[in-house]
Protein chains: 4
Amino acid sequence: MIRLDELPEDIQARVQTTRERVALLHGELPANSLVVWTAGNVSERVEGTNLFVIKPSGVRYDELSAHTMVVCTLDGKKIEDGTPASLSPSSDTAAHAYVYRHMPQVGGVVHTHSTYATAFAAVHRPIPCVLTMMGDEFGGEIPVGPFAIIGDDSIGRGIVETLKESRSPAVLMANHGPFTIGKNAEAAVKAAVMVEEVARTVAAAEQLGTVVPVAQEHIDALYDRYQNVYGQH
Amino acid sequence: MIRLDELPEDIQARVQTTRERVALLHGELPANSLVVWTAGNVSERVEGTNLFVIKPSGVRYDELSAHTMVVCTLDGKKIEDGTPASLSPSSDTAAHAYVYRHMPQVGGVVHTHSTYATAFAAVHRPIPCVLTMMGDEFGGEIPVGPFAIIGDDSIGRGIVETLKESRSPAVLMANHGPFTIGKNAEAAVKAAVMVEEVARTVAAAEQLGTVVPVAQEHIDALYDRYQNVYGQH
Amino acid sequence: MIRLDELPEDIQARVQTTRERVALLHGELPANSLVVWTAGNVSERVEGTNLFVIKPSGVRYDELSAHTMVVCTLDGKKIEDGTPASLSPSSDTAAHAYVYRHMPQVGGVVHTHSTYATAFAAVHRPIPCVLTMMGDEFGGEIPVGPFAIIGDDSIGRGIVETLKESRSPAVLMANHGPFTIGKNAEAAVKAAVMVEEVARTVAAAEQLGTVVPVAQEHIDALYDRYQNVYGQH
Amino acid sequence: MIRLDELPEDIQARVQTTRERVALLHGELPANSLVVWTAGNVSERVEGTNLFVIKPSGVRYDELSAHTMVVCTLDGKKIEDGTPASLSPSSDTAAHAYVYRHMPQVGGVVHTHSTYATAFAAVHRPIPCVLTMMGDEFGGEIPVGPFAIIGDDSIGRGIVETLKESRSPAVLMANHGPFTIGKNAEAAVKAAVMVEEVARTVAAAEQLGTVVPVAQEHIDALYDRYQNVYGQH
């Protein structure tokens, strides 16, 4: 088994900063009301390696710290990372690992059961693009992925196949909840925050009347500008 | 009357740690927006005894501390526990006591009036199992218990009879609100948090379209794995 | 004009403790998400006098303190209470004063625009008694008062006439929002918290199906026990 | 390019206090749940100058401080204000600038994507005036502005043309979100808080039944008193 303390020093240092970032970013999940109890997780690829860092299983958000973040290989197996053997990686680790293996441009993955995004997932409906901020962030509707349960690669495969057909960094896994991706963990967390926000807003809008779609040409203009020109907000 | 200070020292110590745990866990109720004012309570059996610890009546959450937690026998009577005579156990104590008497495997009970779980209770509807996390945590739908009011054993009996027919650790007492059970108080609190979360999510989903049930075989697989294999999340 | 510093010392002391209580209780309004900006106020009668203490107008909740609470006579006029002349009593003072003049048993009044209670007020609908906690706290449905606007006694009169016909300590003034009363300010604040909680719960329930009313005999039993026997919760 | 450190000292001092105010007021956006991540901004005209102060682009609310607030001319160009060149003004700066150029009485502008106000914007519906507090604050319904996207003056023009036809300090830009104005930034922030509050309340009311409009004569009386007589609340 790979031992963290036998890796080159610069990689150990990169693992350490990744662990610090991932621990800190988990705080955004409860702060943005995306999770209750332990039901959500953030991971980040360790740049230039075949490793990623993810939440330990069953640990509550206010007890997380950099040194309890679990380090895994891209097949989702924990390495000898200095954490106790009793600390397993999140039960969603296989899905994160599948994404890192099949989407090399992805540096961060987030999974939550945030209320409104999960509500769309429970009715197997994509979130229609009726807000300019959806054009900016998602480049169109937010798609639904297949129903899949833990136990094999079906969740990971469902995420990857759905996202490869879309500009959206978020997929609503049917009856389950959203998974989001980004160039790093912070970008994936931002996408998790935004998918819940637009889900809540669109749900509210549908109660008020008939939502008006944003025209495709405007979506394209918004997306292009936000992703390529803008860089900040 | 039983006097706490005349019990064996190891039992006094166990009562003390139970009180500390129960006082602390009450903080989860407002932190998770499950209660307003004083309208919810947590109890825990003192392991290996015929006693349990419960919230004092009418005391607000930010004024609770370990030494004001009331100690009761399994018939719901306060013992001489060192608290002032003016401090009564929660008005829901009889229901908690009934559960402990009739469900020996239960170590913790929680009652709240959390908004969405209580909304389902007001329409006498079980929460349908349309989310994978409901398969994990509840093993199916969350059942409704009978209408019952304080004054005799009818609330406790309604809880026990409903839960004995179900894998769910939560029951929605009609027109009243959720009661949850667990192997200890923390597990019952987690169930109280999760029942509100799934109630809110399913309520939102029903506004968006037709919810898609999770198939029974998938519910069984999720429940089995989560309860027996997994242990953490 | 009455000068506070010329009143008997024991009354000055009572005014001071009332001011402290009222300042502190205002913190419950934002803490329970009942208000935004400055849109809600608490008052309390100074026991055994013809005075009451109320929020100054236009001051935000985090800037309130005991010594800026305004002291008024029962006709709603500010006395020489040591606050700057620029500090006026809340624009709702006339309504509070009317209640104190016409309901001698009332020691505290609260007004908010809390979301769901105000939503019922906007459709002129009483909140139906479909929850056991409504039986406990309100003794039946929560009534709607007439439409009235600031400028004369019509708001105060509407509150008093509606509450005199009801066991409820809360009235939903049409198109405006809830006013609540209690034996003291804390009881009125509790009623303001509870009216919003039951409004939100009933609103959610109505989206889920047909709410089941609590039978009158059960409402009576709940109310009698909670108000007369119980005293705490 | 204008250099801040070459302007007269009294103007430099005014810029400084404006920056402090604007930095502080940004804290109200997350505190009132009007924004997630970086999706909202506040600006204020520097009194007696052709400058205004606005949020830097892409910076999160808890990292904002007075010395990172960007100073712009009324055509929306950043001056040499002492901030790093990498810090651009908010991507919504052109819209703010347009408002300052065309509405000289306006001293503050706020933009958010707050949930319920944006939901009304997604269905192109004004918020009907069914609450007395809407009479007070908005003087009638809250209007919808045209669909417009970033890139030219069309957002600013849409805001100005809509608000010039209305007493409301808030406009719901179609598929986008609310913009609010005020005599200074604090007043515009208050309007942003209130537009979300009334949007949420009216949305809830419409689920409960048929909302009852406030008669025009009462709206006029409320608005006149609140704006001209009252001054505080």
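Residues numbered from 1 in each chain as written. Chains lettered and ligands numbered in written order. Predicted model: local features only at pLDDT ≥ 70, side-chain atom pairs only at ≥ 80, totals over all residues. Heavy atoms only, no water.

A.B. asks: A description of the relation of the copies chain C and chain B should follow, citing residues and the corresponding values.
C.D. replies: Each of the two chain copies can be brought onto the other by rotation about an axis and movement along it. By a simple turn and slide, chain C fits onto chain B: the slide is 0.0 Å along the axis, the RMSD is 0.0 Å, and the turn is 90°. Such values leave the two copies arranged in the relation of a four-fold axis. Closest approach to the rotation axis within chain C is made by the C-alpha atom of Q207 of chain C, at a distance of 5.6 Å. (Least-squares fit on C-alpha atoms with pLDDT ≥ 70 in both.)

A.B. asks: Give a detailed account of the relation of the copies chain A and chain B, specifying residues and quantitative values.
C.D. replies: For the pair chain A and chain B, the best superposition has an RMSD of 0.0 Å and corresponds to a rotation of 90° with a translation of 0.0 Å parallel to the axis. When you check the interface residues of chain A against chain B, a mere 3% turn up at the interface there too, and the two sides of the contact use different surfaces. (Contact = heavy atoms within 4.5 Å.)

A.B. asks: Please provide a residue-by-residue account of the packing of aromatic side chains, values included.
C.D. replies: Tallied over the entire structure, the rule returns four aromatic pairs over all chains. A ring pair is formed by F52 of chain B and Y100 of chain B, whose centres lie 4.9 Å apart and whose planes are at 40°; its orientation type is tilted. With F52 of chain B in strand β2 (residues 51–54) and Y100 of chain B in helix α3 (residues 93–102), the pair connects residues that are 48 residues apart, well separated along the chain. With relative accessibility at 1%, the residue Y100 of chain B sits in the buried group. Across the ring face of Y61 of chain C, the terminal group of K55 of chain C is positioned such that the distance to the ring centre comes to 5.5 Å. We note R60 of chain D situated over the ring of W37 of chain D; from NZ or CZ to the ring centre the distance is 3.6 Å. (Phe/Tyr/Trp six-rings, centres within 6.5 Å; stacked < 30°, edge-to-face > 60°. Helix = DSSP H or I, 4+ residues; strand = E, 2+ residues; numbered from the N terminus. Buried < 20%, exposed > 50% of the residue type's maximum accessible area, 1.4 Å probe, protein only. Lys NZ or Arg CZ within 6 Å of the ring centre and 35° of its normal.)

A.B. asks: Account for the interface of chain A and chain B, with residues named and values stated.
C.D. replies: Residue-level contacts link 31 residues of chain A with 29 residues of chain B. Of the roughly 2700 Å² buried where chain A meets chain B, counting both sides, 62% is carbon and sulfur surface. The largest contributions to the chain A side of the interface with chain B come from V36, W37 and N175 of chain A, which together make up 23% of the buried area. At the surface where chain A touches chain B, the tally comes to one salt bridge. The partner of E28 of chain B in a salt bridge is R60 of chain A, with the nearest N and O atoms 3.1 Å apart. The tally of links between chain A and chain B comes to seven residue pairs in polar contact (both at pLDDT 80 or more). Counting residues per element, the ones that place at least two in the side of chain A that touches chain B are α4 (115–122) and α7 (185–208) of chain A. Counting residues per element, the side of chain A that touches chain B draws most heavily on α4 of chain A, at six residues. Classifying every residue of the side of chain A that touches chain B gives 14 nonpolar, 13 polar and four charged. (Buried area = accessible area lost by both parts, 1.4 Å probe. Salt bridge = Lys/Arg side-chain N within 4 Å of Asp/Glu carboxyl O. Polar contact = N/O pair within 3.5 Å; in protein donor to acceptor, adjacent residues only side chain to side chain. Nonpolar A, V, L, I, M, F, W, Y, C, P; charged D, E, K, R; others polar.)

A.B. asks: Summarise the confidence of the model for chain A; cite the residues concerned and give the values.
C.D. replies: Averaged over every residue, the pLDDT of chain A is 96; the share at 70 or more is 98%. Our summary of model confidence lists the complex with pTM equal to 0.96 and ipTM equal to 0.95. (pLDDT = per-residue confidence, 0-100.)

A.B. asks: Give me the lowdown on the pairing of strand β7 (residues 177–182) of chain D, citing residues and values where you can.
C.D. replies: Residue and element names in this part refer to chain D. Most of β7 sits inside the fold, with six of its six residues counted as buried. Inspection of the sheet shows strand β4 (residues 108–111) paired to β7 by four bridges, in the antiparallel sense. Along β7, the bridge assignment pairs H111 with F179. As paired elements, strand β6 (residues 170–173) and β7 share four bridges and run antiparallel to each other. (Pairing = 2+ DSSP bridges.)

A.B. asks: Got a sec to walk through unusual backbone geometry? Specific residues and values, please.
C.D. replies: Here N175 of chain B, not a glycine, exhibits a phi torsion of approximately 60°, which is positive. Mapping N175 of chain B onto the fold places it in the loop between β6 (170–173) and β7 (177–182). Judged by relative accessible area, N175 of chain B falls into the buried class, the value being 1%. The backbone phi angle of H124 of chain C is positive, close to 55°, even though this residue is not glycine. Examined against the element boundaries, H124 of chain C turns out to sit in the loop between α4 (115–122) and α5 (132–138).

A.B. asks: Describe the sheet that holds strand β4 (residues 108–111) of chain B, and please don't skip the residues or the numbers.
C.D. replies: Residue and element names in this part refer to chain B. Strand order in this open sheet of seven strands is β3-β2-β1-β4-β7-β6-β5, and the pairing throughout is mixed. In this open sheet, the two edge strands, each paired with only one partner strand, are β3 (70–73) and β5 (144–145). Across the face of the sheet, helix α1 (residues 9–26) comes into contact with β1 (41–45), β2 and β3 while running at roughly 155° to β1. (Axes fitted to C-alpha atoms, helices over the stretch in contact; angles between N-to-C directions.)

A.B. asks: So, the pattern of salt bridges: which residues are in play, and what are the values?
C.D. replies: When the charged atoms of two side chains lie near each other, side chains of opposite charge can form a pair. All names here are of chain A. This model, assessed by the stated rule, comprises 44 salt bridges over all chains. A salt bridge links E137 to K190; the shortest N-O distance between them is 3.2 Å. With E137 in helix α5 (residues 132–138) and K190 in helix α7, this pair connects stretches of sequence that are 53 residues apart. Residue E137 shares its accessibility class with K190, and that shared class is buried. Residues joined by salt bridges that share partners form a network here, namely R3, D5 and E6.

A.B. asks: Before we move on, can you summarise the pairing of strand β2 (residues 51–54) of chain A with the specific residues and values?
C.D. replies: Side-chain positions along a regular strand alternate between the two faces of the sheet. Residue and element names in this part refer to chain A. What you see with β2 is no split at all: L51 and V53 on one side and F52 and I54 on the other are buried throughout. The pairing of strand β1 (residues 41–45) with β2 spans three bridges and is antiparallel. For E44, the partnering residue across the bridge sits in β2 and is V53. Between β1 and the antiparallel strand that follows it, β2, lie five residues; G48 among them carries a positive phi value of about 75°. In the sheet, β2 pairs with strand β3 (residues 70–73) via four bridges, with the strands oriented antiparallel. Note on β3: the bridge partner recorded for F52 is C72.

A.B. asks: Please give an account of the sheet that holds β4 of chain D that cites residues and values.
C.D. replies: Hydrogen bonds between backbone groups are what pair the strands of a sheet, and the pairing can be parallel or antiparallel. Residues and elements named next belong to chain D. The seven strands are arranged β3-β2-β1-β4-β7-β6-β5 in an open sheet whose pairing can be described as mixed. Of all the strands in the sheet, just β3 (70–73) and β5 (144–145) have a single pairing partner and so form its edges. Where helix α6 (residues 154–164) meets the sheet, its contacts fall on β5, β6 and β7, and the angle it forms with β6 comes to roughly 135°.

A.B. asks: Can you lay out the interface of chain C and chain B for me, pointing to particular residues and giving the numbers?
C.D. replies: Contacts between chain C and chain B engage 29 residues on the former and 31 residues on the latter. Run the count over chain C and chain B and you get one salt bridge. Where chain C packs against chain B, one counts eight residue pairs in polar contact (both at pLDDT 80 or more). Taken together, the elements giving at least two residues each to the side of chain C that touches chain B come down to α5, α7 (185–208) and α8 (216–230) of chain C. Looking at which element gives the most residues to the side of chain C that touches chain B, the answer is α7 of chain C, with twelve residues. A breakdown of the residues in the side of chain C that touches chain B according to their chemical character gives 15 nonpolar, eight polar and six charged.

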